[in-house]
Amino acid sequence: MSTSLPAYNRGVVRPVVCLQTGWGLIKNQYWLFLGITLVGVLIGSLGPMALLLGPMMCGIYLCLFAHFRGQPVTFELLFKGFDYFVQGLIATLIQVIPISLLLLPIYAIFFIRFMGLMSAPRVRTRGAPVDPSEMYSMFLAMGGMVLVVIFISTLVGAFFIFTYPLIVDRKLKALDAVRTSFKAVMANLGGVLGLMGLNMVLGVIGLIFCYVGAILLMPVSFAGWAVAYRQVFPEQS
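Before going into details, it helps to say that this report is about the structure given with it. (Residues numbered from 1 in each chain as written. Predicted model: local features only at pLDDT ≥ 70, side-chain atom pairs only at ≥ 80, totals over all residues. Heavy atoms only, no water.)

Quick look at helix 2 (residues 30-44) now. If you check helix 2, its first and last C-alpha atoms are 21 Å apart, about what 15 residues at 1.5 Å a residue would give, namely 21 Å. Residues Y30, F33, L34, G35, I36, T37, G40 and G44 constitute the buried set of helix 2. Residues of helix 2 that are buried sit in contact with helix 1 (15-26), helix 3 (53-68) and helix 9 (212-232). (Helix = DSSP H or I, 4+ residues; strand = E, 2+ residues; numbered from the N terminus. Expected span 1.5 Å × (residues − 1). Buried < 20%, exposed > 50% of the residue type's maximum accessible area, 1.4 Å probe, protein only. Contact = heavy atoms within 4.5 Å.)

If you want it as structure tokens, here you go:
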């Protein structure tokens, strides 16, 4: 028996409007949401294979959606995300495992090449230094490969962007949430990529200020994504 997936709007995500609206919705409780997102991201990054990331992301969106509905938000609501631990974990693994498998051969190539350069001087002339140009070319190639992986990971991550909100808002199973997120993003691809790009630019600007700016931006970024989600999946009556 097939599950009926939620309907979604097409071509409705407006990046600048999402961030402006998100900021307008949380600014009266900005410091609370800064604490919620900061703690959620920190805890989510602790476990191996992003074990805690799913429930923490679910908890952050629970807080945002409750606030959008005019309901009181407390810090404890963040940890209600653990009510969705299994589905959040499955959704995270679906996203993380392919990216990890993509990274493994790159690290292996770098390690083999690095060890080869370190042992080569002993073969040629005992104690001879490594040619700096060889090291430079190796790190340049490694940097290029890492940038490619970051680009691919970001692009893949864009299709998962509505997964956690769908788990908490529509109570979908992980696989259904991933499928629905993919289809909804495809129907709003320009807006989603635009919002992602805008957040990245603002994040880079924030990093210039010793990471403080990027941290202060986090609740606005999450609120912007929550607004984008609500544009695509309107509140159910």
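There's plenty left to go through after this.
As a further point, take the environment of I215. The residue I215 is located in helix 9 in this model. In sequence terms I215 and L38 are 177 residues apart; their C-alpha atoms lie 7.4 Å from each other. When neighbours within four sequence positions are excluded, I215 is seen to be in contact with L34 and L38.

What follows covers the side chain of Q87. Considering the arrangement of structural elements, one finds Q87 in helix 4 (residues 85-124). Within the structure, Q87 has its side chain in polar contact with the backbone nitrogen of A174 (distance 2.7 Å). Beyond its immediate sequence surroundings of up to four residues, Q87 is in contact with I167, L172, K173 and A174. (Polar contact = N/O pair within 3.5 Å; in protein donor to acceptor, adjacent residues only side chain to side chain.)

Moving on, we get to the environment of P165. Relative to the helices and strands, P165 is located in helix 6 (residues 163-169). With a relative accessible area of 1%, P165 lands in the buried category. The residues touching P165, leaving out its near neighbours within four places in the chain, are Y61, F65, R170 and Y229.

Below, the discussion takes up helix 3. Taking 1.5 Å per residue as the helical rise, helix 3 with its 16 residues ought to reach 22 Å, and the 23 Å between its terminal C-alpha atoms agrees with that figure. Positive phi shows up at G70, right after helix 3, with a value of about 80°.

This paragraph deals with the layout of surface pockets. Each pocket or cavity is described by its volume, and for the largest pocket that value is around 1,200 Å³. Surrounding the largest pocket, 30 residues form its lining, I161, M196, S221, F222 and W225 being those nearest its centre. Those elements that place two or more of their residues in the lining of the largest pocket are helix 3, helix 4, helix 5 (132-158), helix 8 (189-208) and helix 9. (1 Å grid on protein atoms, 1.4 Å probe; cavity = no way out; pocket = protein on both sides within 12 Å on 5 of 7 lines; lining within 4 Å. Points joined across faces, edges and corners; volume = space filled by probe spheres on them.)

Here we take up the side chain of T163. Topologically, T163 is positioned in helix 6. On the accessibility criterion, T163 (1% relative accessible area) is buried. A polar contact of 2.9 Å, which involves the side chain of T163, links it to the backbone oxygen of F160. Setting aside anything within four residues of it in sequence, one finds T163 in contact with A91, A177, V178 and S181.

Moving on: the nonpolar core. Among the nonpolar cores identified, the biggest contains 49 residues, and Y61, L64, F162 and W225 are the most heavily contacted of them. Elements supplying a minimum of two residues to this core: helix 1, helix 2, helix 3, helix 6, helix 7 (174-187), helix 8 and helix 9. Discounting residues that sit within four places of it in the chain, Y61 has contacts with Y164, P165, V168, F222, W225 and A226. (Core = buried A, V, L, I, M, F, W, Y, C linked by side-chain atoms within 4.5 Å.)

Take the packing of aromatic side chains next. Scanning the model with the defined rule gives twelve aromatic pairs in all. Ring geometry for F65 and F68: centres 6.5 Å apart, planes at 65°, overall edge-to-face. Of the two residues, F65 and F68 are both situated in helix 3; the distance of three residues between them amounts to about one turn of the helix. Using a relative accessible area of 3% as the deciding quantity, one classes F65 as buried. When the ring centre of F65 is taken as reference, the NZ or CZ atom of R230 above it lies at 4.9 Å. (Phe/Tyr/Trp six-rings, centres within 6.5 Å; stacked < 30°, edge-to-face > 60°. Lys NZ or Arg CZ within 6 Å of the ring centre and 35° of its normal.)

Here the focus is a nonpolar patch on the surface. Judged by side-chain polarity, L102, V148, F151, I152, L155, V156 and L193 come together as a nonpolar surface patch covering roughly 550 Å² of accessible area. Mapped onto the elements, L102 comes out in helix 4. Using a relative accessible area of 33% as the deciding quantity, one classes L102 as partly exposed. (Patch = residues over 30% accessible without salt bridge, like charges linked within 9 Å, V, L, I, M, F, W, Y side chains within 5 Å. Areas by Shrake-Rupley, 256 points an atom, 1.4 Å probe, with all protein chains shown as cover. Salt bridge = Lys/Arg side-chain N within 4 Å of Asp/Glu carboxyl O.)

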